Amino acid sequence: MDFEMEEVDCPICEGSRGDPLHREGSFQMVRCPSCQFIFLNPRPTIDSLLRFYQEYLPEEEPSIESWKKMMEPVFRRAANLISQHRGNGRLLDVGTGFGFFPFEMKKRGWEAAGIEISQRAMDYARDVLGMTIFPGPLEKAALPDNDFDAVTGFYVVEHLSHPMAFLRECHRILRPGGLLVLRYSHTIPIKNFLRFFGIKNRLYDLPAHLSDFSPRMIQQCLERIGFEKCQHSIGGYTLPVDLGKRTSSILFGSFGEALYYLSGKKFLFPGVSKTVLAFKEERI
Ligand SMILES: [Zn+2]
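**Let's talk about the overall build of the chain**
- From N to C terminus, the chain includes eight helices and 13 strands.
- Viewed in the frame of its principal axes, the chain has a C-alpha envelope of about 50 × 45 × 40 Å.
- Long-range pairs, those at least 24 residues apart, make up 69% of the contacts in the chain with a sequence separation of at least 6.
- Accessible surface computed for the chain: about 13700 Å², of which carbon and sulfur atoms make up 53%.
- Of the side chains in the chain, 35 bear a positive and 35 a negative charge, and the two mean positions are spaced by 6 Å.

Structure follows, in structure tokens:
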């Protein structure tokens, strides 16, 4: 697919176009010298991304089933994490894909809905799973203020052109005290490690991934917007169909998780996906 590309300022601080960091094919990740944010520059325009995401998710039933199996361990962990804080309520899953996560939460007694930009994923979630799905992106869905008890986003934030606008919108639609759960990939440490040994790789999912958040960066963004009590964790791993990817996901996921618990939930193993939970401040 051909992408229309554009050069952009840092999506977080708007202070710079960034210094080159890694290349993959014709794509370049840069680091902002002001805030250290790592992002793709130039990057596809929003219109080309919207077209791209119409084809991003699989179409055939066996592939959808594999997708479900791949995400299941991560969804189960996240559902348990949310249950530790709240038994039920209204939940919105942003970038919900086929709707498997809100479907799981509905089974657990939540009034759960999703937001999705891919028409065929949306059709599946509505027609096969019977879920309520709003057409995305979130910023255009015009949902009411203070409406949800929980908002979730699995592997979404790194795909967004305007992550700050997305986080602000999550904050606006959450009730005071409501919780946000984001699962995101964190690829930079592995990229740096492999570059040190001169090993070529394509670990960034380019141009789908527009940025790479570190736990520190995501916490700074969340706090700037008004979220509080951020908790980071490592837990659960995806199960891709490809045997190599599956093995490394299980291996690094389990190792990262073991170190996380052994360190008293402090050590966030670099390079594996992270989950962050944050709360909208209670009204005074
Ligand atoms: Zn910046």
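**Remarks on the pattern of salt bridges**
- Going through the model one piece at a time under the given rule, you end up with 13 salt bridges.
- Here Asp9 makes a salt bridge to Arg17, at a shortest N to O gap of 3.2 Å.
- Residue Asp9 is classed as partly exposed on the basis of its relative accessible area, which comes to 38%.
- Residue Arg17 is classed as partly exposed on the basis of its relative accessible area of 43%.
- Taking the shortest distance from any N to any O, the salt bridge between Asp147 and Arg90 comes out at 2.7 Å. You can see Asp147 sitting in the loop between β8 (132-135) and β9 (148-154) and its partner Arg90 sitting in strand β6 (residues 90-94), a full 57 residues away along the chain.
- Overall, the relative accessible area of 22% leaves Arg90 in the partly exposed class.
- Shared partners join several salt bridges into a network, and the residues in it are Glu7, Asp9 and Arg17.

**Some points on the side chain of Lys274**
- Tracing the sequence through the fold places Lys274 in strand β13 (residues 274-280).
- Here Lys274 sits buried without a salt bridge, and the closest side chain of opposite charge, Asp212, lies 8.2 Å off (N-O distance).
- At a separation of 3.0 Å, a polar atom in the side chain of Lys274 contacts the side chain of His186.

**With respect to the packing of helix α2 (residues 61-85) against helix α3 (residues 100-107)**
- At their nearest, the axes of α2 and α3 sit 9 Å apart, and the two run at 50° to each other. The angle between α2 and α3 falls in the class oblique. Between α2 and α3 lies a crossing of right-handed hand. On α3, the residues that touch Ile64, Trp67, Lys68, Phe75, Ala78, Ala79 and Ile82 of α2 are Phe100, Phe101, Glu104 and Met105.
- Per-class residue counts for the contact of α2 with α3 are nine nonpolar, no polar and two charged.

About the criteria used
- Residues numbered from 1 in each chain as written.
- Predicted model: local features only at pLDDT ≥ 70, side-chain atom pairs only at ≥ 80, totals over all residues.
- Heavy atoms only, no water.
- Helix = DSSP H or I, 4+ residues; strand = E, 2+ residues; numbered from the N terminus.
- Contact = heavy atoms within 4.5 Å.
- Areas by Shrake-Rupley, 256 points an atom, 1.4 Å probe, with all protein chains shown as cover.
- Lys, Arg positive; Asp, Glu negative; His and termini not counted.
- Charge placed at Lys NZ, Arg CZ, Asp CG, Glu CD.
- Salt bridge = Lys/Arg side-chain N within 4 Å of Asp/Glu carboxyl O.
- Buried < 20%, exposed > 50% of the residue type's maximum accessible area, 1.4 Å probe, protein only.
- Polar contact = N/O pair within 3.5 Å; in protein donor to acceptor, adjacent residues only side chain to side chain.
- Axes fitted to C-alpha atoms, helices over the stretch in contact; angles between N-to-C directions.
- Parallel < 35°, antiparallel > 145°, perpendicular 65-115°, else oblique.
- Left-handed = near helix turned anticlockwise from the far one by under 90°.
- Nonpolar A, V, L, I, M, F, W, Y, C, P; charged D, E, K, R; others polar.

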